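Structural features, examined
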Amino acid sequence: MKRFRGESLHKVDNKGRVSIPAPFRRVLEEGDPDWISGSNPTCVLVYGRKGANCLEGYSIESIDEVDSLISNLPRYSREREMLERMLNTQSLYSQIDENGRLVLSVKLRELARIRSEAAFIGMGDKFQIWNPDCYKKDMEKMEVELNELEGAEGLFSLLQSSKTKVE
């Protein structure tokens, strides 16, 4: 499956309509099992993740994978109930309109501090929608964290540490 990649800045109108980058729409189409040519794909917007200053968008297939991971936790466990509550109550289905736009409600725009512009950020199996200034600050913070990594490989050293955790 294609992945969400890249970043782009888009205008948000007074009604909260914002165009989704065309490559992101192709990923959403591919990841929506009900999508057929000529129709509009559906995605899921998650807005309640603690510490996230952005909205997160998932294709239907991607959110199904997350739901499956949650379902693998023991039924009635506190961890499962927390994840189910956070991801199911603080998310919503959103259909892309015929012009390739999402409508962000006032509540969603307030939560992500989105006003007249929104930055769309590809994150592989999901995408994020940020206030451009907040995104810039988060990237600066991330740069500091990356500079603190040991070794000449920097960012790519994270891949090696991920491999060791799996083994």
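What this report covers is the structure whose coordinates are included nearby. (Residues numbered from 1 in each chain as written. Predicted model: local features only at pLDDT ≥ 70, side-chain atom pairs only at ≥ 80, totals over all residues. Heavy atoms only, no water.)

**Some remarks on helix 1 (residues 22-30)**
What helix 1 keeps buried is the set Phe 24, Arg 25, Val 27, Leu 28 and Glu 29. The elements touched by buried residues of helix 1 are strand 3 (42-46), strand 4 (55-59), strand 7 (117-122) and strand 8 (126-130). (Buried < 20%, exposed > 50% of the residue type's maximum accessible area, 1.4 Å probe, protein only. Helix = DSSP H or I, 4+ residues; strand = E, 2+ residues; numbered from the N terminus. Contact = heavy atoms within 4.5 Å.)

**Observations concerning a negative patch on the surface**
Together, Glu 30, Glu 61, Asp 64, Glu 65 and Asp 125 make up a negatively charged patch on the protein surface. For the negative patch, the leading source of residues is helix 2 (residues 60-71), giving three residues. Relative to the helices and strands, Glu 30 is located in helix 1. (Patch = residues over 30% accessible without salt bridge, like charges linked within 9 Å, V, L, I, M, F, W, Y side chains within 5 Å. Areas by Shrake-Rupley, 256 points an atom, 1.4 Å probe, with all protein chains shown as cover. Salt bridge = Lys/Arg side-chain N within 4 Å of Asp/Glu carboxyl O. Lys, Arg positive; Asp, Glu negative; His and termini not counted. Charge placed at Lys NZ, Arg CZ, Asp CG, Glu CD.)

**A short note on the side chain of Glu 29**
Take Glu 29: it is sitting in helix 1. A residue is classified by how much of its surface remains accessible, and Glu 29, at 15% relative accessible area, is buried. Here Arg 26 takes part through its side chain, which lies 3.0 Å from a polar atom of the side chain of Glu 29. Beyond its immediate stretch of four places on either side in the chain, Glu 29 contacts Trp 35 and Pro 41. (Polar contact = N/O pair within 3.5 Å; in protein donor to acceptor, adjacent residues only side chain to side chain.)

**Regarding the pairing of strand 8**
Remember that side chains alternate between the two faces of the sheet whenever the strand is regular. With five of five residues buried, strand 8 lies mostly within the body of the structure. Residues Lys 126, Gln 128 and Trp 130 point to one face of strand 8 and Phe 127 and Ile 129 to the other, with burial holding for every one of them. Where strand 7 and strand 8 come together, four bridges link them in antiparallel fashion. For Phe 120, the partnering residue across the bridge sits in strand 8 and is Ile 129. Adjacent in sequence and paired antiparallel, strand 7 and strand 8 are bridged by three residues, among which Gly 124 carries a positive phi angle near 85 degrees. (Pairing = 2+ DSSP bridges.)

**Some points on the layout of surface pockets**
Put simply, the largest pocket is a space of about 530 Å³. Forming the boundary of the largest pocket are 22 residues, of which Met 123, Met 139, Met 142, Leu 146 and Leu 155 lie nearest the centre. Listed by contribution, the elements that provide at least two residues to the lining of the largest pocket are strand 8, helix 5 (132-147) and helix 6 (157-166). It is helix 5 that contributes the most residues to the lining of the largest pocket, seven residues altogether. Its residues assigned to classes, the lining of the largest pocket shows 14 nonpolar, three polar and five charged. (1 Å grid on protein atoms, 1.4 Å probe; cavity = no way out; pocket = protein on both sides within 12 Å on 5 of 7 lines; lining within 4 Å. Points joined across faces, edges and corners; volume = space filled by probe spheres on them. Nonpolar A, V, L, I, M, F, W, Y, C, P; charged D, E, K, R; others polar.)

**Quick word on the nonpolar core**
Residues Leu 55, Leu 102, Leu 104, Ile 114, Phe 120 and Ile 129 are the most contacted members of the largest nonpolar core, which totals 21 residues. Elements supplying a minimum of two residues to this core: helix 1, strand 3, strand 7 and strand 8. It is helix 1 that contributes the most residues to this core, three residues altogether. Not counting the four nearest positions on each side in its chain, Leu 102 is found in contact with Gly 16, Arg 17, Val 18, Ile 20, Cys 43, Leu 45, Ser 94, Ile 96 and Ile 129. The next biggest cluster of nonpolar side chains, apart from the first, holds eight residues, and it includes Val 44, Val 46, Ile 63 and Val 66. (Core = buried A, V, L, I, M, F, W, Y, C linked by side-chain atoms within 4.5 Å.)

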